[in-house]
Amino acid sequence: MSKKSNIDKNNNLICDFTKGSIKHRLMYGGGRSQYLPRAVGMTKGRTPNIVDATAGLGKDSFLLASLGARVTLIERSPIIHGLLYDGMERAMRAGGLTAEVVERMTLIMGDSIELLPNLEPEVVLVDPMHPVRKSSAQVKKEMVLIRQIVGNDCDYVDLLNVALNVAKKRVVLKWPKGANTIENIKLPSHQLSGKTTRYDVFMIS
Ligand SMILES: C[S@@+](CC[C@H](N)C(=O)[O-])C[C@H]1O[C@@H](n2cnc3c(N)ncnc32)[C@H](O)[C@@H]1O
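Here we summarise the structure given alongside this text. Please read all numbers here as calculations on a predicted model, not as lab measurements. (Residues numbered from 1 in each chain as written. Predicted model: local features only at pLDDT ≥ 70, side-chain atom pairs only at ≥ 80, totals over all residues. Heavy atoms only, no water.)

### Looking at the site of the ligand
Taken together, 22 residues form the shell around the ligand, and within it Asp60, Glu75, Asp111, Ser112 and Asp127 come nearest. Take Ser112: an N or O atom from its main chain is 2.9 Å from a nitrogen atom of the ligand. Contact with the protein chains hides 98% of the accessible area of the ligand, taken as 610 Å² for the molecule alone. Looking at the shell around the ligand, its residues break down into ten nonpolar, five polar and seven charged. (Near = heavy atom within 4 Å. Polar contact = N/O pair within 3.5 Å; in protein donor to acceptor, adjacent residues only side chain to side chain. Areas by Shrake-Rupley, 256 points an atom, 1.4 Å probe, with all protein chains shown as cover. Nonpolar A, V, L, I, M, F, W, Y, C, P; charged D, E, K, R; others polar.)

### Topic: the pairing of strand 2 (residues 71-75)
Among the five residues that make up strand 2, four are buried, leaving the element largely enclosed by the rest of the structure. Across three bridges, strand 1 (residues 50-52) lies against strand 2 in parallel orientation. Counterpart to Val51 in the pairing with strand 2 is Thr72. Since strand 1 and strand 2 lie parallel, the crossover through helix 3 (residues 59-66) that links them has a hand, and here it is right-handed. Of the pairings in the sheet, the one linking strand 2 to strand 3 (residues 105-109) comprises five bridges and is parallel in character. Across the sheet, residue Ile74 finds its bridge partner in strand 3, namely Ile108. (Buried < 20%, exposed > 50% of the residue type's maximum accessible area, 1.4 Å probe, protein only. Helix = DSSP H or I, 4+ residues; strand = E, 2+ residues; numbered from the N terminus. Pairing = 2+ DSSP bridges. Right-handed = clockwise from strand over helix to strand, strands pointing away.)

### Observations concerning a nonpolar patch on the surface
A surface patch of nonpolar side chains, amounting to about 350 Å² of accessible area, comprises Met27, Tyr28 and Leu97. Secondary-structure assignment places Tyr28 in helix 1 (residues 20-28). (Patch = residues over 30% accessible without salt bridge, like charges linked within 9 Å, V, L, I, M, F, W, Y side chains within 5 Å. Salt bridge = Lys/Arg side-chain N within 4 Å of Asp/Glu carboxyl O.)

These figures capture arrangement, not role.
Now the structure itself:
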């Protein structure tokens, strides 16, 4: 099975939850023991409602929804929002398990800095465009194409501050493993590190 779920044969960005690595992860993924579900606080008996403040092409949200979470996705780029909307529609038309997962996802277009306070979120996931780094393969290609559309998300510290002010339970920042913690933000309560990605978890007391 091709791993290139979000690049079509003409090298265009698409959003497709029905094939490639996304589908593969849905069928054979590691469940709630994966870093992201653990970071957002999904345990055996606990399934928080999550706001994904930086939806992108919805991969993280799809993973969380596949494990039973209700996820509100916010995306401010009209182009990326359009691709994601198409991907969700396609998944609904495909039916089956993929459609069941997407039914738990609600997509909103707008800027999370403005929208988050009205949503009174339990858990907020923040995954802004990461600083440019050397890496290989298709993930990079996908991110290059997304960056050409959305730029560098230079206001991510403002977004984090808003998230930290309004989240009821926790905020999770997805960030490159080797990067410093963010200046002018309190230190995370704990971190979960994968091969290339780190999750900084800020518990709200
Ligand atoms: C790295 S991508 C997110 C990838 C996503 N986690 C996934 O699994 O596909 C970052 C996305 O967040 C969006 N974004 C950044 N800041 C935002 C904000 N304040 N409000 C809404 N969307 C935002 C960008 O437009 C971009 O599409």
